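A closer look at the structure
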Amino acid sequence: MIKLGGVKTLTPPPPSQQHRPEWIDANAARTIFTLSRATLYRLAEAGKIRTTSLRERGKLKGRRLFSYDSLSRFMESRATGGEGGGHESP
């Protein structure tokens, strides 16, 4: 638990623009965006977020990474209220 400005929060704040990574793994995406691994893969399959796989030639398994910017844009597109409105359906 982290305390920010007198308010306790369960997740760490998102990285600042200066230190924001371009690509993050599923664990970081879950921490920053509170999206489950299944949701991340479903969004990637639907083409709503960008993803890449780091895999050695000839290997079956690799490391799946997700674009921080595409996740951020997706979350912003789902936001409601405030400036810019948002969408109601998932």
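Rules of the game
Residues numbered from 1 in each chain as written. Predicted model: local features only at pLDDT ≥ 70, side-chain atom pairs only at ≥ 80, totals over all residues. Heavy atoms only, no water. Helix = DSSP H or I, 4+ residues; strand = E, 2+ residues; numbered from the N terminus. Buried < 20%, exposed > 50% of the residue type's maximum accessible area, 1.4 Å probe, protein only. Contact = heavy atoms within 4.5 Å. Areas by Shrake-Rupley, 256 points an atom, 1.4 Å probe, with all protein chains shown as cover. Phe/Tyr/Trp six-rings, centres within 6.5 Å; stacked < 30°, edge-to-face > 60°. pLDDT = per-residue confidence, 0-100. Pairing = 2+ DSSP bridges. Axes fitted to C-alpha atoms, helices over the stretch in contact; angles between N-to-C directions. Core = buried A, V, L, I, M, F, W, Y, C linked by side-chain atoms within 4.5 Å.

As for the overall build of the protein chain
Looking only at helices and strands, one finds three helices and five strands in the protein chain. Scanning the protein chain from its N terminus toward the C terminus, one meets helices and strands in the order β-β-β-α-α-β-β-α. The buried share of the protein chain, taken over its 90 residues, is 21%. For the protein chain, contacts bridging at least 24 residues in sequence account for 40% of all contacts bridging at least 6. If you sum the accessible surface of the protein chain, you get close to 7000 Å²; carbon and sulfur atoms cover 50% of it.

Some thoughts on the packing of aromatic side chains
Taken as a whole, this structure holds two aromatic pairs when the rule is applied. Aromatic side chains F33 and Y68 sit 5.2 Å apart centroid to centroid with 55 degrees between the ring planes, which places their arrangement in the tilted category. Remark: Y68 occurs in helix α3 (residues 68-78) and F33 occurs in helix α1 (residues 26-33); sequence separation between them is 35 residues. Each of the two residues, F33 as well as Y68, counts as buried.

Points about the confidence of the model for the protein chain
Counting all residues, the mean pLDDT for the protein chain is 82, and 70% of those residues have values of 70 or more. Least confident of the elements in the protein chain is strand β1 (residues 2-4), whose mean pLDDT is 49; most confident is helix α2 (residues 37-45), at 97.

Section: the sheet that holds strand β5 (residues 63-67)
Strand order in the open sheet formed by three strands is β3-β5-β4, with antiparallel pairing between adjacent strands. Looking at strand neighbours, the two that pair on one side only are β3 (23-24) and β4 (51-54), the edges of this open sheet. Strand direction decides the pairing type here: β4 and β5, joined by four bridges, are antiparallel. Paired with T51 across the bridge in β5 is F66. Together, β3 and β5 form the strand contacts of α3, whose direction differs from that of β5 by roughly 50 degrees.

Describing the nonpolar core
Ranked by internal contacts, the top residues of the largest apolar core, which has 13 residues, are I24, F33, L35, L40, I49, F66 and L71. Only α1, α2 and α3 provide two or more residues apiece to this core. Residue contacts for L35: discarding those within four places in its chain leaves A29, R30, L40, L43, L71 and M75.

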